[in-house]
Amino acid sequence: MAGCLCWGPAEEFTEQHAELKHIQVPIVHSDKDEINQLVKVIFDDPLLEKREPVKQAQSKLAVEVATPAPEVSAEQPRQLARVVSTMSRCTPGAAYTRTATTTNHVILEMTGDMFCLRTIHVSYTDPSGKQQQKTQKGYNSKVFIPDASTDIVVQFSVVGGANIYKVDRNKSGYPWIKEGGKSIIDTFEYSSSPPQHVQFFLHGSSLRSWVADVDERSHAENLLEMVSRDVKCVRTMQVKYTDDSGQEQTWSGSGYNVKCHMQSSASNVEVTFSAVGGRKVYKVDRRHPKLPFIKDANGKQPLEKFVYSTLPSSVLFEIRGSSIMPYVSSVFENDIDILESADFDCSCSVDPPNLFCVALDEMPGIGGIIDLQAAHSEFLLPAEVALFEPTNAEIFHAGSGARQIFLNTKLKDEETAKLKEFRQYLVEKKVVENGDVLPRYFESAALRIIHTSKGKLDKAVDLVKASQKERVRRLPIAETDVLDDLKGGFMYWHGRDKQCRPLLVIRLERIGAMAKDKERAVKAVLYSLEYALRYIMVPGRVENWIVLIDLENVFSVINPLSIGGMVGVAAAISTALEKVYCGRMVWVKIINMPSNMLARAINGVIPAEKKDKVGFPTDVKKEVAPFFEPNQLEERYGGSAANTQPGDTYPYRFFPQCRGKPSTDKGEEEQKQIERSRTYSEWKETEDLSLHESTTLAFHEGALWDESSEKAKVRWLANAKAASLTSESAQAISKLAGTTVEPCQTVERFLELTNPEAVRGAHENRAKTEIDWGSAEDPDATDGKTDSRA
């Protein structure tokens, strides 16, 4: 979540709180009731009320005072703060920063829940011998004092309430400690040589707040903490990581509450758990209120494993259950429940991992691939694709068949009516509570799901459940988790056809160990398809893919007697292609069929209604190559691109001019291509731009223009007016919105919508070039010659 919280009058918030999840908002308040209203809006999650009381008490939104921050007094009510973004992995290129600290200061940090504002009071003697005092108010505040300070005293109070008194932190329930029948103010004293970083964790309301935990560490350390929320068994936390020297190290600790101080420079950190005398801790679905255990495609329970390329400053794992069935019930990063922090600044081309570690309803409909290290192809999203204008024959199959383009486009009246019926059916079957607001993970795919199920709503619900089971619970997937399989060349993207649709190649001879591991195969498939939706597709323009399955040498790796098991893997892949990612595949060609027996086995797993999409060409160069420009296709399939080998299929390979080289003697559409290509070349020359670097997850997710209810329309209308639209879609949205919306037909317009900073920079460079050019001294001027540049 990114934003700024300012404390003052309330009316500004009431006008803008609906946009809190997407923009930086000034939120204001003047009394306690308004704070409670703010908490209600931020934590407006239907799962929250169903969770256990202890979890509700732990749900927090950490607000960190800008560092270093001025002292706040009663005369300064508008205290500036920022909501801390929580990341489980540090992603290259992501626009996230951690508060800068200096090593010559002691950090005293107060981290509290959202139930009340608190103040940290610090008194100390500075290195010159002078007595000093500092205070900070907030939910998560830091006080910086010189590291040579002595006689440090730290206390806390509740804003508008009482002092914070001492509790017994070793007992459940945190009972008050009293002397002579009176409560004692909780005081922390450091006479000399204080720790470099002390973090105080505060819980409770304004009437009963307490310091629940204190952690002391150095500046160079982060905190991993396991907290048992019951005493049914003793648990162990195991940590594996890479240190500064590149050596792999391990650490483990057992108990009810265990802390591990990890060097902040550690990388590739893996955290797992087990019960002492019992079994390992397996993965549960924390998006589900009942926290059910998860089974993979092989019917096995995956271990609960948390992986961080770079650690957050603090991570707390809450663990429950018996020695036979222990489980991690909650995860707090920088003191924020990752299921409650569903909002992030996604203004960059790389997605933050926690965007996919959220409650089910907030799960994005595309993406879920994280920690990408390999560079994208230079031609991943060229202008000819980003600005492609599909014809009616491309929006609907053959002009009158099934819809192929669903997003950022006007829908038919009968489609809108069917969406309304689907929403009502989902409420009736208790799949959703509110039909006006569909869960994000299938909201943009709702009409695609209806079309795939032939309008049968019960089957449409089955597709929604398949997406939840097969896709949502497996995400996010890190590149490193599937890198070996991606490079093996079993499945890879290679070029585009003449309608800009990407080609997915599947080479069964390269399936390797995935032939016996359905879960491994499914993850590789999910990664590849999510990559296409996140980076290759363009909503409203290019929304489909085509598939080539090559069975060459298949019996060199597959025993004919084990075809049954192989068919199981094929079925899992088929489920992903046509259930989880339904309505995306235009056609699939199966080539180099070695025998009729295998043909019958494959044909048996193809649903009857999909058989018209499947072909078995005998001459691939004659029957497949004509769909492509030669440079888009490998030589083995009739193209001119070099054949791929295992090891060089990832990063995926894309090429320019998938629609052909523009020619001046062609028609009007070709002339438009020339202009777009020329514009793109000018921009490339000026800024060396790659268009995919200017697009975000929201751009590629697009929107379903659902007008089945006013509430549904409000969810997408404003964003649609600022989207990259075709001419036809721009006309439709202009009529609907009652205002003129320009289509996106040039690179400059595209970048104005997706990356305005690049446009400004290019204009500045262009202006500077013209100034330099005009002021350049002409060496031929004295000879009276004409400047050939004129």
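A. Structural view of the confidence of the model for the protein chain. In the predicted model, the protein chain carries a mean pLDDT of 77, and the fraction of residues at 70 or more is 74%. Note that pLDDT drops below 50 for residues 1-102; the model gives that stretch 225 contacts with residues more than four away or on any other chain. Ignoring residues within four places in sequence, the model shows residues 342-347, a span with pLDDT below 50, making 19 contacts including any to other chains.

B. Quick peek at unusual backbone geometry. Cis rather than trans, the peptide bond between Leu 475 and Pro 476 has omega equal to 5 degrees. Following Tyr 650, the chain continues to Pro 651 via a peptide bond in cis, the omega torsion being 5 degrees. One can find Pro 651 in the loop between helix 14 (620-623) and helix 15 (668-687). The phi angle at Ser 193 is positive, at roughly 45 degrees, despite the residue not being glycine. If you trace the backbone, Ser 193 turns up in the loop between strand 12 (188-190) and strand 13 (197-204). Of note, Cys 500 is a non-glycine position whose phi angle comes to about 70 degrees, a positive value. Turning to its location among the elements, Cys 500 is positioned in the loop between strand 26 (491-496) and strand 27 (502-507).

C. Just the nonpolar core, in detail. Core analysis: the largest hydrophobic core is formed by 107 residues, its most contacted members being Phe 422, Phe 442, Trp 493, Tyr 527, Tyr 531, Trp 545 and Tyr 652. Among the elements that line this core, the one with the most residues is helix 11 (residues 518-536), at 12 residues. With sequence-adjacent residues up to four places away left out, Phe 422 is seen in contact with Phe 442, Ala 446, Ile 450, Leu 457, Ala 460, Val 461 and Val 464.

D. Region of the structure containing the sheet that holds strand 7 (residues 131-138). Strand order in this open sheet of four strands is 7-6-9-12, and the pairing throughout is antiparallel. The outermost strands of the open sheet, each flanked by one partner alone, are strand 7 and strand 12. Between one strand and the next, the sheet's axes are offset by a mean angle of 15 degrees, whatever the strand orientation. The sheet contact formed by strand 9 (residues 150-158) and strand 12 spans three bridges and is antiparallel. Residue Ile 152 lies in a different strand from strand 12, and its bridge partner there is Tyr 190.

E. Region of interest: helix 9 (residues 457-471). Spanning 15 residues, helix 9 covers 20 Å between terminal C-alpha atoms, matching the ideal 21 Å at 1.5 Å per step. Of all the positions in helix 9, only Leu 457, Ala 460, Val 461, Leu 463, Val 464, Ala 466, Ser 467, Glu 470 and Arg 471 are classed as buried.

F. Local environment of the sheet that holds strand 20 (residues 306-310). Read across the open sheet, the four strands follow the order 17-16-19-20; overall the sheet is antiparallel. Here the strands that pair on one side only, and so sit at the sheet edges, are strand 17 (248-255) and strand 20. Averaged over neighbouring strand pairs, the angle between their axes works out to 15 degrees when direction is ignored. As judged from the seven bridges shared by strand 16 (residues 235-242) and strand 19 (residues 267-275), these two strands associate in the antiparallel manner. Its bridge partner lying in strand 19, Gln 238 is registered against Thr 272.

G. Here's a closer look at the packing of aromatic side chains. Counting across every chain of the model gives 17 aromatic pairs. Aromatic side chains Phe 156 and Phe 188 sit 6.3 Å apart centroid to centroid with 75 degrees between the ring planes, which places their arrangement in the edge-to-face category. Here Phe 156, found in strand 9, pairs with Phe 188, found in strand 12; they are 32 residues apart in sequence, far enough to count as distant. Like Phe 156, the residue Phe 188 is buried in the burial classification. Between Phe 273 and Phe 317, the ring centres sit 5.1 Å apart and the planes meet at 65 degrees, which makes this aromatic pair edge-to-face. Of this pair, Phe 273 sits in strand 19 while Phe 317 is found in strand 21 (residues 314-320), placing the two residues 44 residues apart along the sequence. For the pair formed by Phe 273 and Phe 317, the shared burial category is buried. Aromatic rings pair up to connect Tyr 527, Tyr 531, Tyr 535, Tyr 650 and Tyr 652 into one cluster. Between the NZ or CZ atom of Lys 412 and the centre of the ring of Phe 396, over which it lies, the distance is 4.4 Å.

Cut-offs used in this document
- Residues numbered from 1 in each chain as written.
- Predicted model: local features only at pLDDT ≥ 70, side-chain atom pairs only at ≥ 80, totals over all residues.
- Heavy atoms only, no water.
- pLDDT = per-residue confidence, 0-100.
- Contact = heavy atoms within 4.5 Å.
- Helix = DSSP H or I, 4+ residues; strand = E, 2+ residues; numbered from the N terminus.
- Core = buried A, V, L, I, M, F, W, Y, C linked by side-chain atoms within 4.5 Å.
- Buried < 20%, exposed > 50% of the residue type's maximum accessible area, 1.4 Å probe, protein only.
- Pairing = 2+ DSSP bridges.
- Axes fitted to C-alpha atoms, helices over the stretch in contact; angles between N-to-C directions.
- Expected span 1.5 Å × (residues − 1).
- Phe/Tyr/Trp six-rings, centres within 6.5 Å; stacked < 30°, edge-to-face > 60°.
- Lys NZ or Arg CZ within 6 Å of the ring centre and 35° of its normal.

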